[in-house]
Amino acid sequence: MYNRKLLLSVLLLLCLLGTGCTDRKSPAGEESAEEDSLAADTLLADTVADLVEEVPETKAVDELFDDFFFNFAGNRRMQMSRIVFPLPIHKDGGTTMLARRQWQYSHFFMGEGFYTILLDNSEQDSLSKNYGLTHASVEKLYLDEGRMKEYSFVRGEEGEWRLTEVSHKPLADHPCASFLQFYQRFSADSAYQVRSLDEFVVMTAPDSDDEDFNEVTGSIMPEQWPTFKPEVIPRGVVYCVNYGQHYSSDKQKVLVVRGVANGLMIEMTFQRKDNDWKLVRFTC
């Protein structure tokens, strides 16, 4: 319990040191020849990494994939110890094996302070709390470039999560490719956002007049979007965590934006109507 509290304190420091999050764009950056792992380190993420490395590693870190991955992204020593080398890198129809000396430490989304989850429905979000999970992946979606990188993790018989392979793919190969093509434009074009709202959009938000922080639900019209839209609409390069959820619906998608120990929680529900995706509900 002590280690978990210490880790959360470190992650909270990350958020306090960060900048404002309104409509932030993830930096695309440049990839290294050694199959990058976000080679461009930031001072903020480096500071957090130094602090997280002071947290002793325990078996509890592997109980939930989120707990493991926050440590994996924030601890250089742990990251190196939790990668299966030589690491298979799948790209352009071929596979190369990455040696330990070629891996470059990656902060993943730690510098951003949030990550996303793409679901068919809100009920699938419970998978992130599944203690029996054995497979998960972190997708780095280059929305503007139409490509993605998938980091695949497996929890072995000893109960430890490990990175086992990395795959480069066209974004068109993603099971939610149609939605992601729409979302790329939605996230980058404010006028298109307004045109992509349902006639009345259900909105749930904290009640500013309630000392108990209860929520209030109402509806807004498209012209009110600039005033009430969520403070963060991820765009550009977006990290998406997959806990094993399968996508079977081509009529609805739920995009969850979850903060790293900063209280940020946004959920946007999109439905396909007359061949067009529409935002029908959001919670912030």
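Residues numbered from 1 in each chain as written. Predicted model: local features only at pLDDT ≥ 70, side-chain atom pairs only at ≥ 80, totals over all residues. Heavy atoms only, no water.

## Topic: the overall build of the protein chain
Across its full length, the protein chain holds seven helices and twelve strands. Residue burial in the protein chain is summarised as follows: out of 284 residues, 49% are buried. Contacts in the protein chain between residues at least 24 apart in sequence constitute 66% of all its contacts with a sequence separation of at least 6. Working note: accessible area of the protein chain is about 14,100 Å², and carbon and sulfur atoms make up 51% of it. (Helix = DSSP H or I, 4+ residues; strand = E, 2+ residues; numbered from the N terminus. Buried < 20%, exposed > 50% of the residue type's maximum accessible area, 1.4 Å probe, protein only. Contact = heavy atoms within 4.5 Å. Areas by Shrake-Rupley, 256 points an atom, 1.4 Å probe, with all protein chains shown as cover.)

## Observations concerning the pairing of strand β1 (residues 87-91)
Of the strand pairs in this sheet, β1 and strand β2 (residues 94-98) are connected by five bridges, and their pairing is antiparallel. Counted as the bridge partner of Pro88 is Met97 from β2. The turn linking β1 back onto β2 is made up of two residues, and Asp92 within it adopts a positive phi angle of 55°. For β1 and strand β6 (residues 161-170), the ladder comprises two bridges, and the chain directions are parallel. The partner of His90 across the bridge, within β6, is Ser167. (Pairing = 2+ DSSP bridges.)

## Brief notes about the packing of aromatic side chains
Considering all chains together, one arrives at 33 aromatic pairs under this definition. On the basis of an interplanar angle of 55° and a centroid distance of 5.9 Å, the ring pair of Phe182 and Tyr192 is categorised as tilted. Here the residue Phe182 occupies a position in helix α5 (residues 177-188), and Tyr192 occupies one in helix α6 (residues 190-195), the gap between them amounting to ten residues. Accessibility assignment for this pair places Phe182 and Tyr192 in one class, buried. Over the ring of Tyr142 we find Arg147, and its NZ or CZ is 3.7 Å from the ring centre. If you follow Arg185 out to its NZ or CZ, it ends over the ring of Tyr192, 4.1 Å from the centre. (Phe/Tyr/Trp six-rings, centres within 6.5 Å; stacked < 30°, edge-to-face > 60°. Lys NZ or Arg CZ within 6 Å of the ring centre and 35° of its normal.)

## A few points about the pairing of strand β7 (residues 197-206)
Where β7 and strand β12 (residues 276-283) come together, four bridges link them in parallel fashion. In the sheet register, Thr204 faces β12, and the bridge partner there is Thr283. Bridge count for β7 against strand β8 (residues 215-220) is six bridges, and the pairing is antiparallel. Within the sheet, the bridge partner assigned to Met203 lies in β8 and is Gly218.

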